[in-house]
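# Structural characterization, general
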Amino acid sequence: MRLPVSRAMEVCPVEVAVSVVGGTWKLTLIKHLLGGTRRFNQLGRLVPLANTKTLTRQLRELEEDGIVERTVYPEVPPRVEYSLTELGKSLEPIVTAMNEWGTDFAHDHEAARDGRAMHAPSS
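We now turn to the structure provided with this report.

Calculation rules
Residues numbered from 1 in each chain as written. Predicted model: local features only at pLDDT ≥ 70, side-chain atom pairs only at ≥ 80, totals over all residues. Heavy atoms only, no water. Helix = DSSP H or I, 4+ residues; strand = E, 2+ residues; numbered from the N terminus. Contact = heavy atoms within 4.5 Å. Areas by Shrake-Rupley, 256 points an atom, 1.4 Å probe, with all protein chains shown as cover. Lys, Arg positive; Asp, Glu negative; His and termini not counted. Charge placed at Lys NZ, Arg CZ, Asp CG, Glu CD. Salt bridge = Lys/Arg side-chain N within 4 Å of Asp/Glu carboxyl O. Buried < 20%, exposed > 50% of the residue type's maximum accessible area, 1.4 Å probe, protein only. Axes fitted to C-alpha atoms, helices over the stretch in contact; angles between N-to-C directions. Parallel < 35°, antiparallel > 145°, perpendicular 65-115°, else oblique. Nonpolar A, V, L, I, M, F, W, Y, C, P; charged D, E, K, R; others polar. Phe/Tyr/Trp six-rings, centres within 6.5 Å; stacked < 30°, edge-to-face > 60°. Lys NZ or Arg CZ within 6 Å of the ring centre and 35° of its normal.

## A few points about the overall build of the protein
Scanning the protein from terminus to terminus reveals seven helices and three strands. When the helices and strands of the protein are placed in sequence order, the string is α-α-α-β-α-α-β-β-α-α. By its C-alpha atoms, the protein is 55 × 40 × 25 Å across when sized along the principal axes. For the protein, the proportion of contacts with a sequence separation of at least 24, taken over those separated by at least 6, is 43%. When the accessible surface of the protein is totalled, it reaches about 8400 Å², and 57% of it is carbon and sulfur. A gap of 8 Å separates the mean positions of the 15 positive and 16 negative side-chain charges of the protein.

Next up, the structure:
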């Protein structure tokens with residue numbers, strides 16, 4: 001277990017969750033992996049603003065925390081694929097809710113900027 005996760009366990013469960021999935025691009029990577037196994041370059045194309053070093057670090061941390069599984073095929077050149085573990089798949093409702101919230105927020109923010117009335121959040 002990574003040190004930040006073990007430290008978070010001393011605080012509260014919310015901090016554990018933030019420690020595991022918080023970080024540059026982690027939730028976005030999980031969102032894309034919910035759609036199935038992806039190769040590293042595919043993930044890079046899906047998250048074009050992320051640099052290679054950051055993607056590598058975030059995927060390694062997700063792997064170390066048991067969220068992502070990395071499979072290396074003995075080919076030349078080597079083929080590396082990433083997929084979600086069962087634990088990673090259990091994040092689907094959280095990622096879906098955050099995706100919906102983010103969409104609503106962006107819409108409301110744009111509407112407010114344009115002077116239109118904001119809609120009430122759904123319950």
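## Focus on the pattern of salt bridges
Two side chains carrying opposite charge are able to pair once their charged atoms lie near each other. Tallied over the full model, the rule gives six salt bridges. Arg-79 is the partner of Glu-75 in a salt bridge, and the nearest nitrogen-oxygen pair spans 3.0 Å. Judged by relative accessible area, Glu-75 falls into the partly exposed class, the value being 37%. In this structure, Lys-89 engages Glu-86 in a salt bridge whose closest nitrogen and oxygen atoms are separated by 3.4 Å. In this pair, Lys-89 and Glu-86 are both assigned in helix H6 (residues 86-89), three residues apart and thus about one turn of the helix distant.

## Thoughts on the packing of helix H2 (residues 13-21) against helix H3 (residues 26-33)
In contact at an axis separation of 8 Å, H2 and H3 are set at 75° when each is read in the N-to-C sense. Classified by the angle their axes make, H2 and H3 are roughly perpendicular. Across the interface between the two elements, Ser-19, Val-20 and Val-21 from H2 touch Lys-26, Leu-27 and Ile-30 from H3. Split by residue class, the contact of H2 with H3 holds four nonpolar, one polar and one charged.

## Concerning the side chain of Gln-58
Inspection of the secondary structure assignment puts Gln-58 in helix H5 (residues 52-64). You can call Gln-58 buried: its relative accessible area is 4%. Those residues in contact with Gln-58 that lie beyond four places of it in its chain are Gly-23, Thr-24, Lys-26 and Leu-29.

## A look at the packing of aromatic side chains
Aromatic rings in a pair are described by how distant their centres are and how their planes are angled relative to each other. Under the definition given, this model contains two aromatic pairs. A centroid spacing of 6.5 Å and a plane angle of 55° characterise the contact between Phe-40 and Tyr-82, whose relative ring orientation is tilted. Here Tyr-82 lies in strand S3 (residues 79-84) and Phe-40 lies in helix H4 (residues 40-46), a separation of 42 residues in the sequence. Since its relative accessible area comes to 7%, Tyr-82 is described here as buried. Ring plane angle 15° and centroid distance 5.2 Å describe the contact between Trp-101 and Phe-105, whose orientation is recorded as stacked. Of this pair, Trp-101 and Phe-105 both sit in helix H7 (residues 92-113), separated by four residues, roughly a single helical turn. Judged by relative accessible area, which is 47%, Phe-105 ranks as partly exposed. Arg-79 extends its terminal NZ or CZ atom over the ring of Tyr-73, reaching a point 3.8 Å from the ring centre.

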